[in-house]
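# Descriptive structure summary
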Amino acid sequence: MEEAADVVRRATRFDAQTRVRETVGFFDGDDGLLYGCTYLPADDSYCAVVVCSPLLAELQTSYRREVLLSRSLAAGGAAVQRFHYRGAGNSDGSPEQQTLDRLRDDALAAATHMQTIAGDVPLAFVGTRLGGHVAVAAAAAVSRTSPVAIMSPVIDMRAYFRSVLRGYLFGLVKEGQGTARTVQDVLDDLKRHGIVDVLGYPLSSQLYDSFIERSLEEELQTLDGRVLLLSVGDGEASMRRSGTMSGRLEIRSVAGEEVWWFGGGATLRQGEATTTEAIVSSLGTWIHERFVRDMA
Amino acid sequence: MPDGANEVLASAGDEESFFFSSDGEDLVGIVTRPLLGHSPADASVALVPGGWLGLSSGRNRTLVRLARRLAGDGLQALRFEYRGVGDSTGSITRFELARPFVADLRAVLQLSGLSSPRPLFLVGFCFGARTALPLAGELPNVRGLVLVAAPVHDGGARARWERTLAQRATARRFGSLFLRPTLIRDAFRPERRRFLRTYIGAKLATLRRRLLSSRSRASEGEVVSPAFIEQLKTALELDIPVLFVFGTTDAAYREFAEALETPTLGALVKNGSLVDVIEIEGDVHGLGRVRVQEDVIDVIANWVGRRARSSSKPVPSGGPIARRR
């Protein structure tokens, strides 16, 4: 695990077991610096994967899962780039700057950054929750044939935001106020004030407006490449009901439960580890198949 | 920067991320350099995250905003991720208050050069408060300690304490509380009412539990972690000022208020001029509101800034309990 005991502060670590080199640091976005971590396999990589995180609280709850996924993909021979969107994590900017188009631009900046390091290898995109929409938009902008895998995709955008806004109401109830308010009231607040505080995460009307009319089914029509929708638990049925099926689309599921909005995520607790292992295995296999088996 | 002045914030361009080793794992840290021309005392601040939501960025990047605010005030700031958390290696499925990851903090301070003679402030959140506290007595350059939503118990010990403290509280003892002149006087002060509600609520819970439980006695060690008391005592003996920050809805605040009834902790906190307690309206432990996050940032940046600028002269304590609404 140790690269050298006498190396004190270094931006890169080398894992002697997997021979993956990880580099943490900042790179240029189009409106400030973005934070990210680049994972390079020991040998030439067969593809480069950009991981597009979810937003708001889910950024935190899926964080460790995405770190472990990236390490696993890199151990299997793929270069991987994780990053923090503008206004999120360690990157520059504020949450109010986030829109789907700007998040896509951040993903494209991450792809450019990785390709300067890993070389000109074919790209794939992985997204989680709303990050799936970002992944699709970025793939469509780079190469319509890039494979895209989405973990726990948001199929019904209105239902997704209703659940987010219920989190806002939950926060009010917890503070002993606003029990009679409805999700529609909160939406009115969002339109009136431009922002609402959802359990400590600012949800802006710009972000809401940029996503609310974007159905995943329609977004996927912009791609010519293969797509995997990976659900956790019983989400597969709703994906199939959504009618997003086509020859290029695969739907898979893994057993387990999603980490709830209020859950941890910075680390993996008991029970989550098994789910994460299943996700990592399923996704890793699928991406490897796209670049190694399909192209053979 | 003086309280209330316009904020000057550092940005990602003032930061450097790095890996460091601790117990065979590679952990991630980020240093935010102080902005030029804003250096009050050449001091550094280590932000020690909580365990449950322990990313170095914190909920809604509260720790990032705090680090960049501190750097804007001329202080070098450090944040990091424990083993098994975020971008660090290793695995961890639970955080035990009795076993904080002091080695991780010690390692990042040494490798970042923050354990040098440069004045250092430690700011710990929940589990991070328990991680930071032992180092106050260990490192010679610690000039201040901020304990945010600090649990005073060791988890398992608390369950025993709740049961036994409830059993030993007599109706006479509880009734006598209402006859204390200071308590009655404070009831007419709006700013004291909330604390009294917390205090009396804890007493009522104790009484209720007493009625439901069998009799036995609890030791002070069951009320507050002996290690917590010892480490706090050491810090205060070294003249290190300590700021406790709690939210009015924090369970840790109720526990802290209850623990002040014990002789040792009560004496340390109530009688010491080096201890400040600041109460913020809402949930500080979970940082569950943006407003609370901003209040926490303000409180910490102002307190640390004042201490850093006044390192050569004593800074008056804010009193036993100060409130921010």
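Source: prediction; values computed, not measured. Every chain's residues receive numbers from 1 upward, in the order its sequence appears when written. Each chain is given a letter, starting from A, and each ligand a number, starting from 1, according to the order in which they appear as written. The model is predicted, so local features are restricted to residues of pLDDT at least 70 and side-chain atom pairs to those at 80 or more, both for listing and for counting; the totals for chains, interfaces and linings are taken over all residues. For the side-chain quantities, the full set of heavy atoms in the structure was used; hydrogens and water were omitted.

In this text, helices come from DSSP runs of H or I with a minimum length of four residues, and strands from runs of E with a minimum of two, each type numbered from the N-terminal end. From N to C terminus, chain B includes 12 helices and 9 strands. Here chain B holds 325 residues, and the buried ones make up 60% of them. Residues count as neighbours in contact if any of their non-hydrogen atoms are within 4.5 Å of one another. For chain B, long-range pairs separated by at least 24 residues make up 74% of all intrachain contacts whose partners lie at least 6 apart in sequence. Areas reported as accessible are Shrake-Rupley estimates using a 1.4 Å probe. Residue values count occlusion only from the protein chains shown. Of the roughly 12,600 Å² of accessible surface on chain B, 54% is carried by carbon and sulfur atoms. Partly exposed residues are those whose accessible area sits between 20% and 50% of the maximum for their type, while under 20% is buried and over 50% is exposed, using a 1.4 Å probe and protein chains only.

With that settled, the discussion passes to the side chain of S205(A). Residues and elements named next belong to chain A. Here S205 shows up in helix α7 (residues 205–212). Owing to a relative accessible area of 16%, S205 belongs among the buried residues under this scheme. Apart from residues lying up to four places away in sequence, S205 is in contact with L190 and G194.

On to helix α5 (residues 157–174) of chain A, then. Residues and elements named next belong to chain A. An ideal rise of 1.5 Å per residue puts 26 Å on 18 residues; α5 measures up with 26 Å between its terminal C-alpha atoms. Residues of α5 that are buried include every one of M157, Y160, F161, V164, L165, G167, Y168, L169, G171 and L172, and no others. On the buried face of α5, the contacting elements are α1 (57–61), α4 (130–142), α6 (183–193), β8 (195–198), β9 (201–204) and α7. Residue D156 occupies the N-cap position of α5, its side-chain oxygen lying 3.2 Å from the main-chain nitrogen of R158. One less than the number of residues in a helix, times 1.5 Å, gives the span that helix is expected to have. Counting of polar contacts relies on pairs of N or O atoms within 3.5 Å, with two restrictions inside protein: one atom must be capable of donating a hydrogen and the other of accepting it, and residues adjacent in sequence are counted only when both atoms are side-chain atoms.

Residue and element names in this part refer to chain B. Should a side-chain nitrogen of Lys or Arg be within 4 Å of a carboxyl oxygen of Asp or Glu, the pair is scored as a salt bridge. Counting across every chain of the model gives 34 salt bridges over all chains. The residue R79 makes a salt bridge to E15 at a minimum N-O spacing of 2.8 Å. In this pair, R79 sits in strand β4 (residues 76–80) while E15 sits in strand β1 (residues 15–22), placing the two residues 64 residues apart along the sequence. In this structure E15 comes out as buried when scored by relative accessible area, which is 6%. Residue D154 is joined to R130 by a salt bridge in which the shortest nitrogen-to-oxygen separation is 2.6 Å. Note that D154 is positioned in the loop between β6 (142–148) and α4 (156–168) and R130 in helix α3 (residues 127–136), a separation of 24 residues in sequence. Residue D154 is classed as partly exposed on the basis of its relative accessible area of 22%.

Within this scheme a cavity is a closed region of a 1 Å grid, computed over the protein atoms alone, that accommodates a 1.4 Å probe without allowing it to escape, whereas a pocket is open but has protein on both sides within 12 Å along at least five of seven lines; lining residues each have an atom within 4 Å of a point. Grid points are joined across faces, edges and corners, and a volume is the space filled by probe spheres set on the points. What the rule picks out here adds up to 3 cavities of 30 Å³ or more. Size it by volume and the largest cavity reaches roughly 250 Å³. L56(A), L59(A), A88(A), G89(A) and Y201(A) are the residues nearest the centre of the largest cavity, which is lined by 22 residues in total. It is β9(A) that provides the largest number of residues to the lining of the largest cavity, a total of 3 residues. Residues belonging to the lining of the largest cavity are distributed by class as follows: 12 nonpolar, 9 polar and 1 charged. One number sums up the size of the second largest cavity: a volume of about 40 Å³. In terms of lining, the second largest cavity is formed by Y35(A), Y63(A), H84(A), N90(A), V28(B), L55(B), S56(B), S57(B), E81(B) and D87(B). Amino acids are sorted into nonpolar (Ala, Val, Leu, Ile, Met, Phe, Trp, Tyr, Cys and Pro), charged (Asp, Glu, Lys and Arg) and polar (every other residue, Gly among them). Looking at the lining of the second largest cavity residue by residue, the classes come out as 4 nonpolar, 4 polar and 2 charged.

This brings us to the environment of E261(B). Following the sequence through the fold, E261(B) ends up in the loop between α10 (251–259) and α11 (263–271). Sequence separation between E261(B) and T62(B) is 199 residues, and the spatial gap between their C-alpha atoms is 32 Å.

Residues and elements named next belong to chain B. The buried count for strand β7 (residues 242–247) comes to 6 of 6 residues, which makes it a mostly enclosed element. The alternating pattern of β7 places V242, F244 and F246 on one face and L243, V245 and G247 on the opposite face, and all of these are buried. Here 4 bridges tie β6 to β7, and the two strands are oriented parallel to one another. Across the sheet, the residue bridging to L147 is F244, located in β7. A pair of strands counts as paired when DSSP detects no fewer than two bridges linking them.

When the centres of two rings from Phe, Tyr and Trp lie within 6.5 Å, Trp using its six-membered ring, the rings pair. Their planes under 30 degrees apart give stacked, over 60 give edge-to-face, and anything left gives tilted. Counted under the stated rule, the structure contains 19 aromatic pairs over all chains. Taken together, a centroid distance of 6.2 Å and an interplanar angle of 50° make the contact between Y46(A) and F291(A) tilted. Remark: F291(A) occurs in helix α10 (residues 272–293) and Y46(A) occurs in the loop between β3 (32–40) and β4 (48–52); sequence separation between them is 245 residues. Consider the rings of F228(B) and F244(B), whose centres lie 6.4 Å apart with planes at 45°: the pair is tilted. Of this pair, F228(B) sits in helix α9 (residues 226–237) while F244(B) sits in strand β7, placing them 16 residues apart in sequence. Looking at F228(B), the relative accessible area reads 1%, which means it is buried. According to the relative accessible area criterion, F244(B) is buried, its value standing at 0%.

A word on the interface of chain B and chain A. Each side of the interface is counted separately: chain B has 48 residues, and chain A has 49 residues. Here chain B packs against chain A, burying approximately 3,800 Å² in sum over the two surfaces, 46% of which is carbon and sulfur. Accessible area that two parts lose when put together, with a 1.4 Å probe and added across both, is what the buried area reports. In terms of surface lost to chain A, no three residues of chain B exceed F19(B), D87(B) and R289(B), which account for 20% of the buried area on that side. At the surface where chain B touches chain A, the tally comes to 4 salt bridges.

What follows is about the sheet that holds strand β5 (residues 79–83) of chain A. Residues and elements named next belong to chain A. Overall, mixed pairing links the 9 strands, which are arranged β1-β2-β3-β5-β4-β6-β7-β10-β11 in an open sheet. Where the open sheet ends on each side, the last strands, each with one partner, are β1 (12–15) and β11 (249–254). Direction aside, neighbouring strands of the sheet carry axes that sit 20° apart on average. Relative to strand β7 (residues 148–151), strand β6 (residues 123–128) runs parallel, the two being bridged by 4 bridges. When the sheet's bridge partners are listed, F125 is paired in β7 with V148. To obtain an axis, a line is fitted to C-alpha atoms, over the contacting stretch when the element is a helix, and the angle between two such axes runs from 0 to 180 degrees between their N-to-C directions. Sitting on the sheet, helix α3 (residues 100–118) is in contact with β2 (20–29), β3, β4, β5 and β6, with an inclination near 145° to β5.

With that out of the way, let us pick up the confidence of the model for chain A. Residues and elements named next belong to chain A. Scored between 0 and 100, pLDDT is the confidence that the predictor attaches to each residue. The pLDDT averaged across chain A works out to 87; a share of 85% of its residues lies at or above 70. Within chain A, no element has a lower average pLDDT than helix α9 (residues 235–241), which sits at 66, and none a higher one than β5, at 98. Contacts of residues 1–8 to residues separated by more than four positions or lying in other chains number 18 contacts, the stretch itself having pLDDT below 50.

Attention now moves to the packing of α3(B) against α9(B). Residue and element names in this part refer to chain B. Between α3 and α9, the least distance of the axes is 8 Å, while the angle of their chain directions is 45°. Regarding the angle of α3 to α9, the classification is oblique. Of the two possible hands of crossing, α3 and α9 adopt the one that is left-handed. Here α3 contributes R130, L133, P134 and A136 to the contact with α9, which in turn contributes F228, Q231, L232 and A235. In the contact of α3 with α9, the residues fall into 6 nonpolar, 1 polar and 1 charged. Throughout, the term roughly parallel applies to angles under 35 degrees, roughly antiparallel to angles over 145, roughly perpendicular to angles from 65 to 115, and oblique to all others. A crossing counts as left-handed when the near helix is turned anticlockwise from the far one by less than a right angle, and as right-handed when that turn is clockwise.

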